[in-house]
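# Remarks on the overall topology
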Amino acid sequence: MAETIANWLVTNLQGSMARELIVFIVSMLPILELRGGIIAGFAMQMNWLPTFIIALIGNLLPIPFILLFIRYIFKVLEKTPLRNFVAWCENKANAKSDQIRKYEYWGVFLFVAVPLPGTGAWMGALISALLNLNPKKSFPVIVLGVFTAGIIVSILSFGLLGRLGFGA
């Protein structure tokens, strides 16, 4: 799904803005995050290192805000027509929180580092905030998880697929 959305964004945005900006924007979006940014960079035949750095920064930019403010934002939104969306987000986070509840910060790292659908920095930060984990401890662990996920996705996209003749 992330690959499909990332490719759609590349197709529709390429030519109207810089490739680097596309990677940055894609990496900031929930669901797509760094994985989508790297896939977008690969699809636009960008070099690996600039793609990786831009995607990493784009993915990490929203995380401190989620860690620090999401509980307050949800509290405010629960009094609006968006309360069902808040409940959906909380239910989704709670459904994925077992690993983090059990292992705390190691669980956050593993949750963010393994690039599977439904995992990543956004959800890891949301779960960390909802479980009242210390944001000062959660953020570096999320950074390390995003970095690890980026290496894995880069190897798959630029390494394996590149060697098979698909792109850069």
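Source: prediction; values computed, not measured.

### With respect to the layout of surface pockets
Roughly 990 Å³ of volume is contained in the largest pocket. Around the largest pocket sit 33 residues that line it, and Pro30, Ile31, Leu32, Glu33 and Arg35 are the ones nearest its centre. Of all elements in the fold, only helix 1 (2-13), helix 3 (33-43), helix 5 (63-77), helix 6 (83-95), helix 9 (121-130) and helix 10 (135-163) reach the threshold of two or more residues within the lining of the largest pocket. For the lining of the largest pocket, the element with the highest residue contribution is helix 5, accounting for 5 residues. The residue makeup of the lining of the largest pocket, split by class, is 25 nonpolar, 4 polar and 4 charged.

### What about the nonpolar core?
Residues Ile63, Ile142 and Val146 are the most contacted members of the largest nonpolar core, which totals 44 residues. Filtering out sequence-adjacent residues up to four positions away, Ile63 remains in contact with Ala121, Trp122, Ala125, Phe139 and Ile142.

### Section: a nonpolar patch on the surface
Together, Phe65, Leu68, Phe69, Tyr72, Ile73 and Val76 give the surface a local cluster of nonpolar side chains, amounting to about 610 Å² of exposed area. Note that Phe69 resides in helix 5.

### A word on the packing of aromatic side chains
Evaluation of the coordinates by the stated rule reveals 5 aromatic pairs. Between Trp106 and Phe109 the ring centres are 6.1 Å apart and the planes differ by 90 degrees, which places this aromatic pair in the edge-to-face class. Of the two residues, Trp106 and Phe109 both sit in helix 8 (residues 105-113), 3 residues apart, roughly one turn of that helix. Given a relative accessible area of 63%, Trp106 falls into the exposed group. Each residue in the set Trp48, Phe52 and Phe147 is aromatic and connected to the rest through ring pairs, giving one cluster.

### Side note on helix 6
Between its first and last C-alpha atoms helix 6 spans 18 Å; for 13 residues at 1.5 Å apiece the expected length is 18 Å, and the two agree. Those residues of helix 6 that fall on the buried side of the exposure criterion are Val86, Cys89 and Ala93. Seen along its axis, helix 6 keeps its buried residues to an arc of 65 degrees; they face one direction. Seen from the buried face of helix 6, the exposed residues on the opposite side, beyond 90 degrees, are Asn84, Trp88, Asn91 and Ala95.

Reading guide: rules and limits
Residues numbered from 1 in each chain as written. Predicted model: local features only at pLDDT ≥ 70, side-chain atom pairs only at ≥ 80, totals over all residues. Heavy atoms only, no water. 1 Å grid on protein atoms, 1.4 Å probe; cavity = no way out; pocket = protein on both sides within 12 Å on 5 of 7 lines; lining within 4 Å. Points joined across faces, edges and corners; volume = space filled by probe spheres on them. Helix = DSSP H or I, 4+ residues; strand = E, 2+ residues; numbered from the N terminus. Nonpolar A, V, L, I, M, F, W, Y, C, P; charged D, E, K, R; others polar. Core = buried A, V, L, I, M, F, W, Y, C linked by side-chain atoms within 4.5 Å. Buried < 20%, exposed > 50% of the residue type's maximum accessible area, 1.4 Å probe, protein only. Contact = heavy atoms within 4.5 Å. Patch = residues over 30% accessible without salt bridge, like charges linked within 9 Å, V, L, I, M, F, W, Y side chains within 5 Å. Areas by Shrake-Rupley, 256 points an atom, 1.4 Å probe, with all protein chains shown as cover. Salt bridge = Lys/Arg side-chain N within 4 Å of Asp/Glu carboxyl O. Phe/Tyr/Trp six-rings, centres within 6.5 Å; stacked < 30°, edge-to-face > 60°. Expected span 1.5 Å × (residues − 1). Arc of directions from axis to C-beta.

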